[in-house]
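Inside the fold
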Amino acid sequence: MFESLTASLSKAFKTLTKNDRLTEANVEEGLRLVRQSLLEADVHFSVAKDFCARVKERVMGEKVLDSVTPAQMFIGLFHQELTKLLGEHAAPLTFASNPPTVWLMAGLQGSGKTTTCAKLAAWARKQGRKPLLAALDIQRPAAIEQLKTLGRQLDIPVYSEEPGAPAPSSSGILGGMLSGGAVRPAGIGERAVREAERRLLDLVILDTAGRLHVDDALMSEVSEVKARTKPHAVILVVDSMTGQDAVNSAKAFDARLAITGTILTKLDGDTRGGAALSIVQVTGKPILFAGVGEKIIDLEPFHPERLASRILGMGDVVSLVEKAQEAFSEEEVTDTATKMLSGNFDLDDLYQNLQRMKRMGPLKKVMGLLPGMSGLPPEMMDQIDEGRMRRTEALFLSMTAWERKNPDRIDVARRQRIARGSGNPVSAVNDLLRSCEQMRKQMKQLARVMQMAPKERTRFLKDMERDMKRRGGP
Amino acid sequence: MGLFDKFKQALAKTREKISVGVRTVLSIGRALDDETIDRLEEVLYSADLGSAGGEVIEEVRRAYKLRYLTRVDQIPEFLREKLLARLEGCGGAITKVQPSPTVVLVCGVNGSGKTTSIAKLAAYLRRQGNSVVLGAGDTFRAAAVEQLTIWAERLGVPIIKKPNGADPASVAFDAVDAALSRGADYVIIDTAGRLHTQKHLMAELEKISRVISKRLPGAPHEVLLVLDATTGQNMAQQAELFSKATPVSGLILAKLDGTAKGGAVFGLRQRNQIPVKFVGLGEKLDDLEAFDPKSFVDAIVEPFLELESGKAAAT
């Protein structure tokens, strides 16, 4: 469906050879491709244009290095600039020296404000704070109930006031609530801050109402809350899937509220998140956090270099490496690697590897982080079957410890029992045992190859290749 | 005067402005040039048309090269034609099934506006004289059931619900059951917001649909995917992956009353021919309308006309 950016850039630069310099003439096509990629990632049109023009100046005159292809080098320069830009204003959220600290959360409807409030409160508590959540959204039905429920789940106090029954009016169901709505939330906010003082809580997070789009009523309401609660930070919550409109809403919120920074939500989807670049550009304010997932703990510090990769369609290699680091401890890795390479591993080792893979998170999430993978057609991504991994795990778990240590001693009766126990056909057991055996052979071979002298190795590999061809293998 | 009337009026004003703009400015016969086409490109990209916009611009460039397009005033018509062609088959409503009930399953990503759209859809169907039952199938998000319950009370329609954490498929089953025994014309079933990349949640959606068909063969008759009009190019991904889980029969484009034009629909249609059936225009209950391709396209072309009339006024 679409090629990855690197692939198309490689085509664009095929005329460039080593030691060439990037010139106006030969970067033109490359620039067009990068701009296209930015636009497809939802970066705002004029932001993409400005960005490309700016980086062009830096790129020109650069000498193509020996170590990389011109395409890699070009994309690398863009990546650097993009990372710089995304992280330019980076500043952590700070707490007031005179508690309670007050944070005001604002954003459009459906951006994920309420969930983010809860996530942020959980994060602050981890930093040793005592947060209070305050429900100022008297607009959306059951918004207060939602915050209360989240508070209960987290065991974090929530300040709310029961909404007076809305007067049904002929001008529509929401009509009664809209009138006077500009005053009430501010009052609730003030009382929430006082409540925090009284209960010696040192952080208040104000959840305000969202609107379908930026309008005067919304802005007046939030401005009023800001004026009366004097928050130490105003945080804009933005859906990372937002398109070109992100520029308009960010601009409007910043103009009226002078935001401190942004939290991007729903980054766990497959959006490339170009809106983030537009927002940083037009507001000049940092991205504070990234929200990933429905779970209340899923708030991540923002990493500019990762988002830069995503926007450029390069995948998120850094995250992957970090995830792998978290999942595999160093000794474990060296241990397993030695064992695997010697070819003396058994099913126990394979099982442990599977467990580590699982610790890295859902396979699809991991795959999505790999460069080039985000560009894979969805059909192919579908073949990555989480279910299959679970079935394989069931096979391992249906074996005895002795069987895992001695895979070649598993006879037919045992195979049948394992199959029954794991709810798989016998053929699945056979497949697993066969591939284990094959891996052992290959690893042993590999170990032998590694020890050969370079000349011998070349000859051996050529032989093997011929061998494979004869057998019709890959 | 209701909000929708206001919107209609605003739209009428816009149309007037457009036609006036076209007459007074574009009919001067200003020659087309690369700069104008660049501006047009910006307008299309700014409306989230993405690569679909790129394609249309290519068509404009080709037509310009072939001297088929020579004047600025030819652009709006050319553009309308190209854009409308890409929306073929959109619009319309829900087909009422006999014998009743017609089962409507509503899905979408988090925060796209599902619950509100369901309330509006129920109001829409009621206005046409139908009886409606709601099924509170979002048993996951905190207070989602309460939110739909409040809407049901305001609308005065029965709602079938279970406590949070209950199996959404069983809620759907019970809702269809209730609709059957009450002889309701429609039953609309809510589902929890889910990102389309979460395979287990997509499988859950598939299951809900399957369980519904167990209670009533042939159901659900409509699966509506709610999309946030402010969403960018990710919209196409959403449509693709949702329709893989359960055959999506139509789209609801919510939050279209904002500054966002919802142009990502064109990118979606490049890959997937699901029709847009409804648009959500405001915060009030009667703000759901059948999708009208013509006014939708007009709203996208409009900034270009304004730009050009501005240019012309300046010279």
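Residues numbered from 1 in each chain as written. Chains lettered and ligands numbered in written order. Predicted model: local features only at pLDDT ≥ 70, side-chain atom pairs only at ≥ 80, totals over all residues. Heavy atoms only, no water.

Bringing the overall build of chain B into the picture now. Of the regular secondary structure elements, chain B holds 11 helices and eight strands. Out of the 315 residues belonging to chain B, those deemed buried represent 60%. Partitioning the contacts of chain B with sequence separation of at least 6, the portion at a separation of at least 24 is 78%. Entry remark: accessible area of chain B is about 12100 Å², with carbon and sulfur atoms responsible for 53%. (Helix = DSSP H or I, 4+ residues; strand = E, 2+ residues; numbered from the N terminus. Buried < 20%, exposed > 50% of the residue type's maximum accessible area, 1.4 Å probe, protein only. Contact = heavy atoms within 4.5 Å. Areas by Shrake-Rupley, 256 points an atom, 1.4 Å probe, with all protein chains shown as cover.)

Our focus in this paragraph is the interface of chain A and chain B. Taken together, the contact pairs 45 residues of chain A with 44 residues of chain B. Counting the surface lost from both chain A and chain B, the interface buries some 4000 Å², and carbon and sulfur atoms represent 56% of this. Counting the contacts that link chain A with chain B gives one salt bridge. Here chain A is connected to chain B by 12 residue pairs in polar contact (both at pLDDT 80 or more). Elements with a contribution of two residues or more to the side of chain A that touches chain B: α2 (24-40), α3 (45-59), α6 (143-154) and α17 (378-383) of chain A. Among the residues forming the side of chain A that touches chain B, the class breakdown is 13 nonpolar, 17 polar and 15 charged. (Buried area = accessible area lost by both parts, 1.4 Å probe. Salt bridge = Lys/Arg side-chain N within 4 Å of Asp/Glu carboxyl O. Polar contact = N/O pair within 3.5 Å; in protein donor to acceptor, adjacent residues only side chain to side chain. Nonpolar A, V, L, I, M, F, W, Y, C, P; charged D, E, K, R; others polar.)

To continue, consider the sheet that holds strand β1 (residues 102-108) of chain B. The strands making up a sheet associate through backbone hydrogen bonding, with each pair oriented either parallel or antiparallel. All names here are of chain B. With mixed pairing, the eight strands of this open sheet are ordered in space as β3-β2-β4-β1-β5-β6-β7-β8. Sheet topology places β3 (159-160) and β8 (288-290) at the edges, where each strand pairs with a single neighbour. Contacts from helix α7 (residues 168-182) reach β1, β2 (132-135), β3 and β4 (186-189) within the one sheet, and its direction differs from that of β4 by about 165°. The strands that helix α8 (residues 199-215) touches are β1 and β4; relative to β1, the one it contacts most, it runs at about 175°. (Pairing = 2+ DSSP bridges. Axes fitted to C-alpha atoms, helices over the stretch in contact; angles between N-to-C directions.)

Okay, the sheet that holds strand β3 (residues 158-159) of chain A next. Taken in spatial order, the eight strands make up an open sheet running β3-β2-β4-β1-β5-β6-β7-β8 (chain A), and their pairing is mixed. With partners counted over all chains shown, the strands left at the sheet margins are β3 and β8 (299-301) of chain A, one partner each.

Residue and element names in this part refer to chain B. The terminal C-alpha atoms of α8, which comprises 17 residues, lie 25 Å apart, in line with the 24 Å expected from a rise of 1.5 Å per residue. Turning to α8, its buried residues are Leu201, Met202, Leu205, Ile208, Ser209, Val211 and Ile212. Buried positions along α8 lie against β1, α7, β4 and α9 (234-245). (Expected span 1.5 Å × (residues − 1).)

Looking at where proline 454 of chain A falls in the secondary structure, it is placed in helix α22 (residues 454-471). On the basis of relative accessible area, proline 454 of chain A is assigned to the exposed category, the value being 62%.

A cis amide bond links proline 99 of chain A to the next residue, proline 100 of chain A, at an omega of 0°. For proline 100 of chain A, the location among the structural elements is in the loop between α4 (70-87) and β1 (101-107). The omega angle of the peptide bond from glutamine 98 of chain B to proline 99 of chain B is -5°, so this bond is cis rather than trans. Structurally, the position occupied by proline 99 of chain B is in the loop between α4 (75-85) and β1. Phi is positive for leucine 200 of chain A, close to 55°, though the residue is something other than glycine.

Here we take up the domain arrangement of chain B. One frequent convention defines the size of an interface as the accessible area lost when the parts assemble. All names here are of chain B. Here chain B is described as being made up of domain 1 (3-89 + 297-309) and domain 2 (102-291). Taken together, the contact pairs 19 residues of domain 1 with 23 residues of domain 2. Where domain 1 abuts domain 2, roughly 1600 Å² becomes buried across the two surfaces, and 62% of that area is made up of carbon and sulfur atoms. Viewed at the interface, domain 2 and domain 1 are joined by zero salt bridges. Our enumeration of links across domain 1 and domain 2 arrives at eight residue pairs in polar contact (both at pLDDT 80 or more). Of all the elements in the fold, those that place two or more residues in the side of domain 1 that touches domain 2 are α1 (3-24), α3 (50-65) and α11 (293-314). For the side of domain 1 that touches domain 2, the residue count by class is 12 nonpolar, three polar and four charged. (Domains from an automatic or database assignment.)

We now examine the packing of α7 of chain B against α8 of chain B. All names here are of chain B. Their axes nearest at 8 Å, the elements α7 and α8 cross at an angle of 30°. The orientation of α7 relative to α8 falls into the category roughly parallel. Relative to α8, α7 is oriented so that their crossing is right-handed. Between α7 and α8, the contacting residues are Pro168, Ala169, Ala172, Phe173, Val176, Asp177 and Leu180 on the first element and Glu204, Lys207, Ile208, Val211, Ile212 and Arg215 on the second. Each residue belonging to the contact of α7 with α8 can be placed in one class, and the counts come to nine nonpolar, no polar and four charged. (Parallel < 35°, antiparallel > 145°, perpendicular 65-115°, else oblique. Left-handed = near helix turned anticlockwise from the far one by under 90°.)

Residue and element names in this part refer to chain A. In contact at an axis separation of 9 Å, α4 and helix α11 (residues 275-283) are set at 60° when each is read in the N-to-C sense. Put simply, α4 runs oblique to α11. Note that α4 runs across α11; the crossing there is left-handed. Where α4 abuts α11, its residues Leu82, Leu85 and Leu86 lie against Ala276, Leu277, Val280 and Gln281. Taken together, the residues that form the contact of α4 with α11 break down as six nonpolar, one polar and no charged.

Ranked by internal contacts, the top residues of the largest apolar core, which has 97 residues, are Phe78, Leu86 and Leu120 of chain A. Among the elements that make up this core, the one with the highest residue count is α4 of chain A (nine residues). Of the residues that make up this core, three or more belong to each of domain 1 (3-86) and domain 2 (101-314) of chain A. Not counting residues within four places of it along the chain, the set of residues in contact with leucine 86 of chain A comprises Ala276, Leu277, Val280, Phe302, Pro304, Leu307, Ala308 and Ile311 of chain A. Among the nonpolar cores identified, the runner-up in size contains 73 residues, and Val56, Ile160, Leu205 and Ala264 of chain B belong to it. (Core = buried A, V, L, I, M, F, W, Y, C linked by side-chain atoms within 4.5 Å.)

Quick look at helix α8 (residues 184-198) of chain A now. Residue and element names in this part refer to chain A. Here α8 contains 15 residues, and its C-alpha end-to-end distance of 21 Å stays within 8% of the 21 Å for a straight helix at 1.5 Å per residue. Next to the buried residues of α8 lie β1, β2 (131-135), β3, β4 (203-207) and α9 (216-229). A positive phi of about 55° marks leucine 200, the residue just after α8.

What follows covers the pattern of salt bridges. A complete count under the given rule lists 43 salt bridges over all chains for this structure. With a closest N to O distance of 4.0 Å, arginine 140 of chain A and aspartate 137 of chain A form a salt bridge. For the salt bridge of glutamate 161 of chain A with arginine 191 of chain A, the shortest nitrogen-to-oxygen distance reads 2.5 Å. Here arginine 191 of chain A lies in helix α8 and glutamate 161 of chain A lies in the loop between β3 and α7 (175-178), a separation of 30 residues in the sequence. Residue glutamate 161 of chain A is classed as buried on the basis of its relative accessible area of 15%. Three or more residues joined by partner-sharing salt bridges are found here, namely Arg35 of chain A together with Asp38, Glu41, Glu58 and Arg61 of chain B.

Scanning all chains against the criterion turns up nine aromatic pairs over all chains. Ring geometry for phenylalanine 95 of chain A and tryptophan 103 of chain A: centres 5.3 Å apart, planes at 35°, overall tilted. With relative accessibility at 0%, the residue tryptophan 103 of chain A sits in the buried group. The rings of Phe266, Phe291 and Phe296 of chain B are connected pair by pair, giving a single aromatic cluster. In this structure, arginine 404 of chain A packs its charged tip against the face of tyrosine 351 of chain A, placed 5.5 Å from the ring centre. (Phe/Tyr/Trp six-rings, centres within 6.5 Å; stacked < 30°, edge-to-face > 60°. Lys NZ or Arg CZ within 6 Å of the ring centre and 35° of its normal.)

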